[in-house]
Amino acid sequence: MSGPVVAGVDGSRRSLTAAEWAAREAARRGVALRLVHACPPLPRRVSPVPGVDAWQNVGEQMLGQTVADFRARLPELGIDGEHTAAEPAEALLTAAASAGLLVVGARGWGGFEGLAVGSVALRVAAMADCPVVTVPDERRTGAGWDGTDADEVQLGFDAHAPAEAPAAFAFRAAQERGVPLRVVHAWALPPASPSAWMLTVLEEDRAMWEDQESQVVSDALRPWREGCPEVTVVPDVVLLNPAEALVRASERAGLLVIGRRTATRPTQLRLGPVAHAVLHHAHCPVTVVPHPGP
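Cut-offs applied
Residues numbered from 1 in each chain as written. Predicted model: local features only at pLDDT ≥ 70, side-chain atom pairs only at ≥ 80, totals over all residues. Heavy atoms only, no water. Axes fitted to C-alpha atoms, helices over the stretch in contact; angles between N-to-C directions. Helix = DSSP H or I, 4+ residues; strand = E, 2+ residues; numbered from the N terminus. Parallel < 35°, antiparallel > 145°, perpendicular 65-115°, else oblique. Contact = heavy atoms within 4.5 Å. Nonpolar A, V, L, I, M, F, W, Y, C, P; charged D, E, K, R; others polar. Core = buried A, V, L, I, M, F, W, Y, C linked by side-chain atoms within 4.5 Å. Buried < 20%, exposed > 50% of the residue type's maximum accessible area, 1.4 Å probe, protein only. Domains from an automatic or database assignment. Pairing = 2+ DSSP bridges. 1 Å grid on protein atoms, 1.4 Å probe; cavity = no way out; pocket = protein on both sides within 12 Å on 5 of 7 lines; lining within 4 Å. Points joined across faces, edges and corners; volume = space filled by probe spheres on them. Salt bridge = Lys/Arg side-chain N within 4 Å of Asp/Glu carboxyl O. Phe/Tyr/Trp six-rings, centres within 6.5 Å; stacked < 30°, edge-to-face > 60°. Lys NZ or Arg CZ within 6 Å of the ring centre and 35° of its normal.

K.L.:
What should I look at first to understand the packing of helix α1 (residues 13-29) against helix α6 (residues 164-177) in this one?
P.N.:
The angle between the axes and the distance between the axes are what describe a pair of packed helices. Packing of α1 against α6 brings their axes to within 11 Å, and their N-to-C directions diverge by 85 degrees. The orientation of α1 with respect to α6, classified from their angle, is roughly perpendicular. Contacts between α1 and α6 pair W21, E25, R28 and R29 from the former with F169, R172, E176 and R177 from the latter. Grouping the constituent residues of the contact of α1 with α6 by class yields 2 nonpolar, no polar and 6 charged.

K.L.:
What's the story with the nonpolar core in this structure? I'm lost.
P.N.:
Note on soluble globular proteins: their nonpolar side chains tend to be buried together. The biggest cluster of nonpolar side chains holds 49 residues, and the ones touching the most others in it are L33, L35, V103, V153 and L181. When we break this core down by domain, the ones giving at least three residues each are domain 1 (1-138) and domain 2 (150-293). Aside from chain neighbours lying at most four places away, what touches L35 is A7, V9, A19, L63, T66, V67, F70, D80, G81 and E82. If you look at the next biggest cluster of nonpolar residues, it comprises 38 residues, including L122, A126, A245 and I258.

K.L.:
What exactly am I supposed to notice about the sheet that holds strand β3 (residues 79-84) here?
P.N.:
Backbone hydrogen bonds are what pair the strands of a sheet, in a parallel or an antiparallel way. Across the sheet, 10 strands lie side by side as β3-β2-β1-β4-β5-β10-β9-β6-β7-β8; this open sheet has mixed pairing. Of all the strands in the sheet, just β3 and β8 (233-238) have a single pairing partner and so form its edges. Averaged over neighbouring strand pairs, the angle between their axes works out to 25 degrees when direction is ignored. Of the strand pairs in this sheet, strand β7 (residues 181-186) and β8 are connected by 6 bridges, and their pairing is parallel. Following the sheet pairing, H185 is matched in β8 by V237. Across the face of the sheet, helix α3 (residues 88-96) comes into contact with β1 (5-8), β2 (33-38), β3 and β4 (101-105) while running at roughly 155 degrees to β2. Relative to strand β9 (residues 253-261), α6 is tilted by about 160 degrees, and along the sheet it contacts β4, β6 (152-156), β7, β8, β9 and β10 (286-291).

K.L.:
Whenever I open this one, α3 confuses me. Can you help?
P.N.:
At 3.6 residues per turn, the α-helix brings residues three or four places apart onto the same side. Residues A89, A91, L92, L93, A95 and A96 constitute the buried set of α3. The elements touched by buried residues of α3 are β1, β2, β3, β4 and α4 (119-127).

K.L.:
It is not clear to me how the layout of surface pockets should be interpreted in this structure. Could you clarify?
P.N.:
Its boundaries defined by the atoms lining it, the largest pocket holds a volume of some 830 Å³. The wall of the largest pocket is formed by 34 residues, among which D158, G259, R260, R261 and H291 lie closest to the centre. Elements supplying a minimum of two residues to the lining of the largest pocket: β6, α6, β7, α8 (242-249), β9 and α9 (273-281). Here the lining of the largest pocket is built from residues that sort into 21 nonpolar, 8 polar and 5 charged.

K.L.:
What should I look at first to understand the pattern of salt bridges in this one?
P.N.:
Two side chains carrying opposite charge are able to pair once their charged atoms lie near each other. One pass over the full model with this rule turns up 13 salt bridges. E176 is the partner of R172 in a salt bridge, and the nearest nitrogen-oxygen pair spans 2.7 Å. Residue R172 and its partner E176 are located together in helix α6, separated by 4 residues, close to a single helical turn. A relative accessible area of 25% places R172 in the partly exposed class. Using a relative accessible area of 28% as the deciding quantity, one classes E176 as partly exposed.

K.L.:
Would you mind going over the packing of aromatic side chains with me for this structure?
P.N.:
Describing an aromatic ring pair means giving the distance of the ring centres and the angle of the ring planes. For the structure shown, the criterion picks out 1 aromatic pair. Taking the centre distance of 6.2 Å and the plane angle of 85 degrees together, the rings of F157 and W224 count as edge-to-face. Of this pair, F157 sits in the loop between β6 and α6 while W224 sits in helix α7 (residues 203-227), placing them 67 residues apart in sequence. For the pair formed by F157 and W224, the shared burial category is buried. Here R73 stacks its cationic end above the ring of F70, 4.8 Å away from the centre of that ring.

K.L.:
What is the right way to read the side chain of H291 from this model?
P.N.:
Relative to the assigned elements, H291 resides in strand β10. Ignoring any residue separated from it by four or fewer positions in sequence, one finds H291 in contact with A163, A165, P166, G259, R260, R261 and T262.

K.L.:
What is the right way to read α8 from this model?
P.N.:
Within α8, burial applies to A243, A245, L246, V247 and A249. At its buried positions, α8 is contacted by β6, β7, β8, β9 and α9.

K.L.:
Which parts of the structure should I look at to understand the pairing of strand β5 (residues 132-135)?
P.N.:
Regular strands place side chains that alternate from one sheet face to the opposite one. In β5, alternate side chains face the same way, and those of V132 and T134 on one face and V133 and V135 on the other are all buried. Where β4 lies against β5, 4 bridges are found, and the strand directions are parallel. Bridge pairing in β5 places V103 opposite V133. As paired elements, β5 and β10 share 3 bridges and run antiparallel to each other. Bridging across to β10, T134 finds its partner in V286.

Structural data, given as structure tokens:
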């Protein structure tokens, strides 16, 4: 958490929005901001040598101008730039190894109209050693998110198997912003019970199960509440699919925090279905925090 905040930039409006978010976070943490631009070389068969050099020069100039603009507006913040010939995802994963936080736009120049999250954002969210924030396109969300961090922080929480790293990140984020922390715990009816949508489910049975889930959440949150008593915690226990619950809740959030289990083998480095759905459909920036699996 003490390393710099790293943001990937490619000159697109989306990446600059993400870099602005990263700059505010770096200032809040009192750490440096590093802007990384990856410009892999063009194949020689595609472009002659002068074209390859021009391609690199344009990238270096864009990065230099972006760094200069940020330094002029934020003179109190340590800001540097890194231009690399590596592939974008590889460059960001390398930078993440020494970073406290990695910030990327949900999409850059690539992809196609209507694509919510690009391949680079998905790969770094699944593989980075540090927490990764994916900042969405405001036009995609349609939720009026303006990047001011004025709303509550939200945490996707499984009270039956609580993960420490995402919870600690969310509590710290709420504390630093001075906003409430909404803890979203999605639950399902017991397997032996009828479907949630069948009228044969007695209201008193459902209420009893919901009370039990609420107590599990309260018990699981107790250590963090005691460690951060200044954070107002709002438990939100909902009878929904976890992905749907988090996407709905994100409409009123300034930041949503979810976890990702780390893996011992590279082939196991991937996003689960809930994280994948949330990244594609959330209405606010999403932080994916790696944590050890059970």
